[in-house]
Amino acid sequence: MQIIKVVTRNLVKHKHLCHPKLLNVTARLYCSAARGPKLPLAAGYQPKPVEEAYWEREKEPTKELSSGCNRGPYRMILPPPNVTGNLHLGHALMATVQDVIARQQWQLGYDVQWVPGTDHAGIATQVVVERTLAATKGKTRQEIGRKAFLEEVWKWKAEKGAGIVQDLRQLGCSLDWQHEYFTMDEQQANAVSAAFIQLFEEGLIKRRNSLVNWSCALRSAISDIEVETLEIKEPVEVAVPGYEHNVLFGRIFDVAYRVVDGQLDNDGKPEEIVVSTTRPETILGDVAVAVHPADPRYTKYRNRKEVQLQHPFRDDTIPLIFDIAVDMEFGTGAVKLTPAHDKFDFEMATRHKLTGRRVFTESGEIDDAYPEFQGKPRFEARDLIVERLEQMELLREVRAHSMQLPICSRSKDVIEYMTVPQWFLKTKSMCEAALSELKSGRLQIMPSTFETDWERWLTDSRDWCISRQLWWGHQVPAYEAFDSRGNSCWVAATDEKTAREKAISKLGTKEVSLSRDVDVLDTWFSSSLLPFSVAGWPNESYKEKYPLDLMQTGHDILFFWVARMMMMGLKLTGKAPFQRILLNGIVCDAQGRKMSKSLGNIVTPQQVVQGASLDSLKATLQQSCDAGVIKPEELRTSTEGLIKMFPKGIQECGTDALRFTLLSHNIKHHFINFDVTACYTNKLFLNKIWQAMRFTLGSAQSLGITLDEFETMEGVQLGMWDRWIIGRLAETLAICSESSTNYNFHMATSALKHFFYQNLCDVYLETTKTAIRNRTHDAYVNVGTLTACLSWGLQALAPFTPFVASELLQHVPLNIELKLSEYQDPKLQAEVADIVSICTNVRQMKSRNQISNRHAPKLSLFAQNEEAETILRRHLAQIGVLTRCGCVELELLNEDSKFSKKLNFFSTAGALCSFGITIKEEFPIPKEQREQILKTNKKKLKKLVNELQKYKVRVDNEAFQLMADSATKTHFNNRIKELQAEIDNLIRLAA
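Predicted model, so just to flag it, every value in this text is computed and none were measured.

Points about helix 23 (residues 777-797)
And step 1. With 21 residues, helix 23 ought to run about 30 Å at 1.5 Å a step, and its terminal C-alpha atoms sit 30 Å apart, in line with that.
And step 2. Burial analysis of helix 23 places 19 of its 21 residues in the buried class, which makes it a mostly covered element.

Given below as structure tokens:
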């Protein structure tokens with residue numbers, strides 16, 4: 001054995017941010033000439049075996065990389081995926097973001113408590129189970145009954161919930177599975193009931209008739225987030241559930257209302273007011289006609305005490321009213337009011353104290369109050385009503401009209417605004433409290449652009465309709481009580497016994513009968529309690545795990561979930577559930593389109609991780625169609641889009657590549673364009689790191705040492721390129737640290753990719769091969785440097801790519817001592833950057849001209865000046881390696897240059913030098929190729945001249961001279977000199 005080096009060092013046992021324990025020890029590094037055994041790494045990176053080995057180790061990788069100190073808890077909850085199906089890429093993005101945060105916090109010494117769970121997703125789950133029931137058994141939920149249907153839903157939940165958990169585990173999420181929750185488990189049910197009862201008894205929850213978004217297909221109220229808008233610019237037929245034929249939309253109808261006791265016009269016809277409407281079927285429920293008080297067409301009616309209009313289908317009259325909310329530019333300027341079926345009409349009618357009249361039943365048919373059309377579906381009734389108006393000579397005109405059609409995102413039904421008895425939560429005071437958290441500075445929203453949305457939503461917020469007419473969900477804990485005299489009241493209670501006691505107290509008699517409300521609560525109601533309900537609320541022990549340190553989710557549910565969590569947390573616990581909100585964008589396809597069935601561009605994380613053939617992608621769609629999840633017409637369009645996007649299927653990328661790709665985007669952007677091709681490219685990037693580890697292990701074996709022997713770089717005589725790569729490592733780690741603080745993960749992934757790919761693998765590793773092959777003294781330093789870079793670089797990469805990092809980190813020591821500040825040398829970084837740029841220019845020229853080793857290329861460097869010559873001379877060996885030129889010559893560029901006229905190829909390479917390449921004479925250069933070389937250089941010359949002109953214009957600007965600091969002026973002037981020199985050299989070489 002040969003002793004290579006003896007150093008005294010401080011071995012850092014605990015790195016990161018804890019106080020290190022320093023031990024003074026003497027270390028001896030040994031090497032042997034014997035070749036080691038076979039490398040412990042496979043020939044190439046394959047995701048599947050790496051991920052399988054990861055799980056076999058059955059360790060929390062974050063604990064492996066923990067700093068060893070205890071900084072206290074760090075709490076998050078995973079936004080619960082709906083049990084409607086498998087994870088999609090949006091879930092994968094959120095889970096990956098939070099997992100990276102969790103792992104980074106664990107590395108810093110925090111006890112991370114990241115709680116997973118799934119959401120029962122009332123409407124969405126009920127709809128998909130109903131479709132599956134119809135497709136597989138030909139039954140409706142009404143046919144099998146509530147109990148049997150709920151059993152089917154629980155079976156669905158068990159299957160899909162297990163799949164979601166499996167997907168999250170495969171994604172590498174370091175979640176606290178011991179505390180996993182489901183939004184309808186016993187703890188959550190208790191919390192929901194307790195919250196409802198408290199708010200009810202404080203008078204904040206009340207039951208009343210009010211206008212809601214109603215889905216006739218679901219026969220339930222739905223939330224605003226479940227309403228989509230279909231833009232209609234011209235008459236078009238739209239498929240509506242329950243109708244055999246498509247329904248025509250995009251028309252406006254002018255209908256005449258005759259004025260009671262009105263005068264006859266010049267033609268002897270009765271006086272009338274013509275209204276414009278896109279919904280003639282609601283005319284049955286009209287309670288007034290409204291015009292703007294300043295509309296000159298109707299000013300004559302202002303002086304009349306009362307103007308009544310004859311209703312065309314009812315034996316009564318309705319008033320003409322004046323309101324400034326009427327748009328004079330819409331149609332005839334006169335609008336009919338149907339407050340029971342229109343938001344605008346409802347508000348106006350409320351101001352004028354008009355009572356609405358309901359036209360439709362909950363299933364969307366004409367109410368029995370209108371016998372002529374009773375039982376007709378609303379859009380069939382439309383045609384009949386228009387026909388009758390024409391017969392009564394009241395239809396004046398039908399014309400095309402653009403409109404926005406509200407569609408239920410779950411059932412695809414056209415939303416009907418209906419006045420239905422519902423439970424409402426009064427939110428005004430709660431919204432004010434949530435808003436004050438932001439205005440006081442206690443709450444931080446990232447990105448800050450969403451602060452405006454937070455303020456707008458909470459300022460304009462209305463009472464929250466929290467009840468749904470579904471079977472799947474938390475049943476409303478409320479009972480209607482009746483006494484023998486017909487008096488009634490509502491009480492809130494968890495059971496009938498308690499409800500009876502409360503009813504007796506309210507009604508003042510023991511003779512009461514109870515009926516529990518069959519409705520369920522809005523899914524968002526139970527979700528709004530999660531920060532404290534998963535911690536154990538209403539049990540006082542919840543305070544040990546509340547509040548959260550960060551709330552991270554998609555920006556599209558900022559109000560529907562995040563703001564409501566803030567409202568409920570402040571109201572029910574007296575404390576904000578979190579003080580920081582991090583919002584991510586919506587994942588789209590590579591072309592920036594939202595993922596949808598109609599486009600066939602929906603990709604699941606599993607398909608990206610495991611790969612999928614085109615046939616398997618088609619089969620997955622067919623299975624969804626067979627199960628009733630998608631319709632046959634959706635299957636056709638989805639398949640067409642799928643074939644167009646993935647004609648050869650999806651290549652296997654692995655989990656690490658998926659995670660790395662997702663976080664290569666700025667997650668704070670509104671939309672995130674995910675490209676499967678980029679994901680596969682990142683798999684190749686990870687293979688590059690894998691090969692670097694194999695090279696390092698093989699190099700150590702050839703030198704007779706192991707990587708575990710490298711415990712410090714202190715006291716080691718490093719070469720210039722060794723110091724350069726460690727300096728690059730220092731800068732990369734600094735960027736990673738900063739990006740974890742401000743959640744700019746894309747900057748960390750970019751820095752890591754640049755370091756591993758461009759700096760370590762493509763440059764530094766290549767420069768070490770000669771020394772390692774010749775087993776010189778420098779070889780041991782090179783291997784030590786490679787080991788340090790891989791160890792610290794992989795530890796920074798580990799939160800993003802836990803599987804491959806965990807695998808590779810087994811082969812290197814984790815705490816190699818490095819004083820990174822000592823290697824931050826801007827001058828050296830700039831010098832090596834210039835050398836690398838020269839090599840890049842040379843390789844590009846070789847590539848353009850297809851010059852390979854068989855041409856025996858010889859590189860000639862022409863230094864700009866003596867200083868440049870000195871710099872270039874100390875890097876000639878590295879230049880030869882990086883350019884793959886067997887011979888490199890260097891001289892000053894002047895009129896006496898010995899071989900400047902014999903060059904086959906030539907160009908410039910920045911401020912230091914110009915260069916030329918000569919090849920064997922047996923390979924003649926065609927005339928076309930020579931012309932192309934000249935053309936390329938002319939193009940480059942033009943570019944350099946333009947850049948020089950821009951710098952000169954800037955420097956000559958008076959404002960620049962007044963405002964720029966001396967360092968900026970120096971930089972600009974130096975750049976002008978460099979550009980001018982490069983231009984002169986290029987002209988001289990081409991002469």
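Concerning the sheet that holds strand 7 (residues 205-215)
By way of backbone hydrogen bonds, the strands of a sheet pair with one another, either parallel or antiparallel.
And step 1. Within the open sheet, the four strands sit side by side as 8-7-20-22. Their pairing is antiparallel. Each edge of the open sheet carries a strand with a single partner, namely strand 8 (220-222) and strand 22 (464-465).
And step 2. Relative to strand 22, strand 20 (residues 416-425) runs antiparallel, the two sharing two bridges. Each bridged residue has a counterpart across the sheet, and for Phe-424 the counterpart in strand 22 is Cys-465.

Quick word on the pairing of strand 7
Working note: regular strand, side chains alternate between the two faces of the sheet.
And step 1. Two strands pair when backbone bridges link them, and strand 7 and strand 20 are joined in this way by ten bridges, in the antiparallel orientation. Note on strand 20: the bridge partner recorded for Lys-206 is Phe-424.
And step 2. When strand 7 meets strand 8, the two strands line up antiparallel, connected through three bridges. Note that in strand 8 the partner of Asn-213 across the bridge is Ile-222.

Structural notes on the packing of helix 10 (residues 428-439) against helix 11 (residues 451-460)
The relative placement of two packed helices comes down to the angle between their axes together with the axis-to-axis distance.
And step 1. Contact geometry of helix 10 with helix 11 gives a least axis separation of 9 Å together with a crossing angle of 155°. One finds that helix 10 runs roughly antiparallel with respect to helix 11. The way helix 10 lies across helix 11 gives a crossing that is left-handed. Between helix 10, through Cys-431, Ala-434, Leu-435, Leu-438 and Lys-439, and helix 11, the contact on the second element is made entirely by Glu-451, Trp-454, Glu-455, Leu-458 and Thr-459.
And step 2. Split by residue class, the contact of helix 10 with helix 11 holds six nonpolar, one polar and three charged.

A closer look at the domain arrangement of the protein
And step 1. The domain architecture assigned to the protein consists of domain 1 (73-192 + 523-587), domain 2 (251-401), domain 3 (477-516), domain 4 (596-664) and domain 5 (926-990).
And step 2. For domain 1 versus domain 3, the separation of C-alpha centres amounts to 34 Å.

Considering the environment of Glu-807
And step 1. The topology assignment puts Glu-807 in helix 24 (residues 802-809).
And step 2. For Glu-807, a relative accessible area of 12% corresponds to the buried category.
And step 3. Not counting the four nearest positions on each side in its chain, Glu-807 is found in contact with Leu-41, Val-50, Ala-53, Arg-57 and Trp-690.
And step 4. Of note is the side chain of Glu-807, whose polar atom sits 3.2 Å from the side chain of Arg-57.

Here we look at a negative patch on the surface
And step 1. Among the surface-exposed residues, Glu-244, Glu-380, Asp-383, Glu-387 and Glu-390 lie close enough to one another that they form a single negatively charged patch.
And step 2. Inspection of the secondary structure assignment puts Glu-244 in the loop between strand 10 (236-238) and strand 11 (247-249).

Conventions and cut-offs
- Residues numbered from 1 in each chain as written.
- Predicted model: local features only at pLDDT ≥ 70, side-chain atom pairs only at ≥ 80, totals over all residues.
- Heavy atoms only, no water.
- Helix = DSSP H or I, 4+ residues; strand = E, 2+ residues; numbered from the N terminus.
- Expected span 1.5 Å × (residues − 1).
- Buried < 20%, exposed > 50% of the residue type's maximum accessible area, 1.4 Å probe, protein only.
- Pairing = 2+ DSSP bridges.
- Axes fitted to C-alpha atoms, helices over the stretch in contact; angles between N-to-C directions.
- Parallel < 35°, antiparallel > 145°, perpendicular 65-115°, else oblique.
- Left-handed = near helix turned anticlockwise from the far one by under 90°.
- Contact = heavy atoms within 4.5 Å.
- Nonpolar A, V, L, I, M, F, W, Y, C, P; charged D, E, K, R; others polar.
- Domains from an automatic or database assignment.
- Polar contact = N/O pair within 3.5 Å; in protein donor to acceptor, adjacent residues only side chain to side chain.
- Patch = residues over 30% accessible without salt bridge, like charges linked within 9 Å, V, L, I, M, F, W, Y side chains within 5 Å.
- Areas by Shrake-Rupley, 256 points an atom, 1.4 Å probe, with all protein chains shown as cover.
- Salt bridge = Lys/Arg side-chain N within 4 Å of Asp/Glu carboxyl O.
- Lys, Arg positive; Asp, Glu negative; His and termini not counted.
- Charge placed at Lys NZ, Arg CZ, Asp CG, Glu CD.

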